[in-house]
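One-letter residues, chain by chain:
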Amino acid sequence: MPGRARELKKAREALERVISSCEAVEAGRVEPFSIPVDELIRVVRELFPLWEKPEDLSRDARAIEAISGVIRAQSEWVKKRSTRLYRDPFLLEERIGGLSPEALAAIFLRAWHPVVELEQMTVLSLEEAARYWSELPYKGEKELEEAEVLPGAPIEVEEAGVLTEETQRALEELWEELRRRARGGSVRYWDFITADTYAETVRRAYLTSFLITYGYASLEVDPLSEEELILRPRRRPRTRPREKTTSVAIPITYEEWLEHAG
Amino acid sequence: MRVRRGKAYYARKVKKAAHMLFFRRHYKPGARGSELKKAVGPDYLRVLKVLDGLLRPLDLQVKQVFEVPGASAIAPVSEVPEAPEEGAGASRRSPDEARYYVVLRGTLEPTELKYCGWRIDDIAALAISIGLIMARGGKAPRSDVEDLLKRKLPDWRVRAGLERFIKAGYLGEDEEGMLYLDWRTLAEVDIKTLLDTLLKYGAG
């Protein structure tokens, strides 16, 4: 029945539109009261008799949940406007757009109490650094070979900078595993890379570095402990970084692996 | 029963707390309450109050900041109760969860800006960004902030400025490209005063 199929297709699209407009509110892209909730509920109610398949019913439930999110956002909006910090946004935007940079800077200075912090080298830290430097191996070939002699079986690493089809597949699998384990959130870096063997741990760390470099995941410092590293998978890879990025070298020593695997 | 302690008892602890607050050890300056408790002892709030008193003549103060997105709470440590208030209920947050910073008690004069390495344009751009984000309820698309800044500043300065604000921790950017107020704004900027002054400026 092509007529029925067409009707269902249009109905599904309508429901997806309801969901995406509600999600835009929750993401803060659209003002909560610019969404006609009554109209959305009417659409969802009218479409409901069409649904028979579980996936359609599930989509219907998602739409209801999304609408409830809009109502929650509207409630927050009202609550916010009743607080002391609320100022008329139109007036505020008008005002900041019309002030000169000098006036704005003068206003900001009246409300700015910068944090005071120091960075200072001490004799103790210089001594520690000198000790570290004297123990640091040279980058010569011999030393590199020694550094790469790892306990257990030798580890083969793919050609640097060239992603083979096999590596690409391994990356996809690892990304899938990361998303599964993060469950929409994050997972500790060491928990994720640590495997039963040291060789496998190094391999996972190597592949994870590609996931981060190619934008499949982000590596962050855990805001709670401020020491632990956490991995946060992205829904789709990012081609252009939006946040500030920095290179991080994470040594995967045999001792550290023992500590985490133990 | 509260035990009275002498100056000597606090001198060592105040020194330790000052080191922890002044010297950056992590990604952010300052120290978390739980860290201070571990290093200084369970009476760290009293120690911080003693430190706050010592810093007063230098125009500095210790501030307590609860960094909860959209509902941060900031208070000078001198106003923080040492023991939980009676009837405060379970909803009252533990001081151990807060972060403590040493901040300037007063404010800077425009001529002092150069000590901080900021140009007047940078400060104006930061004020505009914070104002717009607050006007939009705590989040604003980066493109909107850029458009507003580009009305008065060259494109390269806008881009460089926003990157600098994000790097310094004044602004944050989420995956959707929305800007929000990050930890440093919460710790350093008196948002209420800023918004009040912005609205009242030149209004009579």
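See above for the structure.
As a starting point, this report considers the structure included with it. (Residues numbered from 1 in each chain as written. Chains lettered and ligands numbered in written order. Predicted model: local features only at pLDDT ≥ 70, side-chain atom pairs only at ≥ 80, totals over all residues. Heavy atoms only, no water.)

**Thoughts on the overall build of chain A**
Part 1: Within chain A, the regular secondary structure consists of 11 helices and three strands.
Part 2: Along chain A, helices and strands appear, N-terminal first, in the series α-α-α-α-α-α-α-α-β-α-α-β-β-α.
Part 3: The 262 residues of chain A split such that 31% are buried.
Part 4: For chain A, the proportion of contacts with a sequence separation of at least 24, taken over those separated by at least 6, is 64%.
Part 5: If you sum the accessible surface of chain A, you get close to 17900 Å²; carbon and sulfur atoms cover 54% of it. (Helix = DSSP H or I, 4+ residues; strand = E, 2+ residues; numbered from the N terminus. Buried < 20%, exposed > 50% of the residue type's maximum accessible area, 1.4 Å probe, protein only. Contact = heavy atoms within 4.5 Å. Areas by Shrake-Rupley, 256 points an atom, 1.4 Å probe, with all protein chains shown as cover.)

**Things to note about the interface of chain B and chain A**
Part 1: Every contact between the two is made by 69 residues of chain B and, on the other side, 45 residues of chain A.
Part 2: For the pairing of chain B and chain A, the buried interface totals around 5500 Å² over both sides, and the portion due to carbon and sulfur atoms is 63%.
Part 3: For chain B, the biggest contributors to the area lost against chain A are B:E175, B:L199 and B:Y201; these three give 12% of the whole.
Part 4: Along the contact surface separating chain B from chain A lie three salt bridges.
Part 5: Where B:E175 meets A:R234, a salt bridge forms, and the shortest distance between an N and an O atom there is 3.1 Å.
Part 6: Across the contact surface, chain B and chain A share 16 residue pairs in polar contact (both at pLDDT 80 or more).
Part 7: Counting residues per element, the side of chain B that touches chain A draws most heavily on helix α5 (residues 120–135) of chain B, which supplies 11 residues.
Part 8: Of the residues contributing to the side of chain B that touches chain A, the split by class is 37 nonpolar, eight polar and 24 charged. (Buried area = accessible area lost by both parts, 1.4 Å probe. Salt bridge = Lys/Arg side-chain N within 4 Å of Asp/Glu carboxyl O. Polar contact = N/O pair within 3.5 Å; in protein donor to acceptor, adjacent residues only side chain to side chain. Nonpolar A, V, L, I, M, F, W, Y, C, P; charged D, E, K, R; others polar.)

**Side note on the pattern of salt bridges**
Part 1: Enumeration according to the criterion identifies 30 salt bridges over all chains in this entry.
Part 2: Residues A:E228 and A:R188 are paired through a salt bridge, measuring 3.5 Å at the closest nitrogen-oxygen approach. One end of the pair, A:E228, is in the loop between β2 (217–221) and β3 (229–233); the other, A:R188, is in strand β1 (residues 187–188), and 40 residues separate them in sequence.
Part 3: Two residues, B:D121 and B:R119, come together in a salt bridge whose shortest N-O distance is 3.0 Å.

**As for the sheet that holds strand β7 (residues 178–181) of chain B**
All names here are of chain B.
Part 1: Pairing within the open sheet is antiparallel, and its three strands lie in the order β5-β7-β6. Among the strands making up the open sheet, the edge pair consists of β5 (139–141) and β6 (171–173). Strand-to-strand twist across the sheet, computed as the mean angle between neighbouring axes with direction ignored, equals 30°.
Part 2: Note that β6 and β7 share three bridges and pair antiparallel. The partner of L171 across the bridge, within β7, is L181. (Pairing = 2+ DSSP bridges. Axes fitted to C-alpha atoms, helices over the stretch in contact; angles between N-to-C directions.)

**Describing the sheet that holds β2(A)**
Residues and elements named next belong to chain A.
Part 1: Pairing is antiparallel across the open sheet formed by three strands, whose spatial order is β1-β3-β2. Looking at the sheet topology across the chains shown, the edges are occupied by β1 and β2.
Part 2: In this structure, β1 lies alongside β3, joined through two bridges in antiparallel fashion. Residue pairing in the sheet places R188 in a bridge with I230 of β3.
Part 3: Lying over the sheet, helix α8 (residues 165–182) contacts β1, β2 and β3, oriented at roughly 105° with respect to β3.

**Some thoughts on the packing of helix α5 (residues 101–111) of chain A against helix α9 (residues 191–200) of chain B**
Part 1: Orientation of α5(A) relative to α9(B), taken along the N-to-C sense of each, is 145°, at an axis distance of 8 Å. For the pair α5(A) and α9(B), the sense of crossing is right-handed. Taken together, the residues of α9(B) that come into contact with α5(A) (itself represented by A:L104, A:I107, A:F108, A:R110 and A:A111) are B:T193, B:L194, B:T197 and B:L198.
Part 2: In terms of residue class, the contact of α5(A) with α9(B) is made up of six nonpolar, two polar and one charged. (Left-handed = near helix turned anticlockwise from the far one by under 90°.)

**Here's the deal with α9(B)**
Each full turn of the α-helix corresponds to 3.6 residues, which orients residues three or four apart in the same direction.
Part 1: The buried fraction of α9(B) amounts to seven of the 10 residues, a majority that puts the element mostly inside the structure.
Part 2: Of the positions making up α9(B), those classed as buried are B:I191, B:L194, B:L195, B:D196, B:T197, B:L198 and B:L199.
Part 3: Close packing links the buried residues of α9(B) with α4 (89–98) and α5 of chain A together with α5, β7 and α8 (183–188) of chain B.

**Quick notes on the nonpolar core**
Part 1: Core analysis: the largest hydrophobic core is formed by 69 residues, its most contacted members being A:W112, B:L36 and B:Y100.
Part 2: Considering every element that reaches this core, the biggest residue donor is α5(B), with 10 residues.
Part 3: Contacts of B:L36, omitting those with residues within four sequence positions, involve B:A17, B:M20, B:L21, B:A31, B:G41, B:Y44, B:L48 and B:Y100. (Core = buried A, V, L, I, M, F, W, Y, C linked by side-chain atoms within 4.5 Å.)

**Thoughts on the packing of α5(B) against α9(B)**
All names here are of chain B.
Part 1: Between α5 and α9, whose axes approach to 11 Å, the crossing angle comes to 95°. With respect to α9, the axis of α5 lies roughly perpendicular. Two secondary-structure elements touch here, α5 through I130, G131 and M134 and α9 through I191, L194, L195 and L198.
Part 2: Broken down by class, the residue content of the contact of α5 with α9 amounts to six nonpolar, one polar and no charged. (Parallel < 35°, antiparallel > 145°, perpendicular 65-115°, else oblique.)

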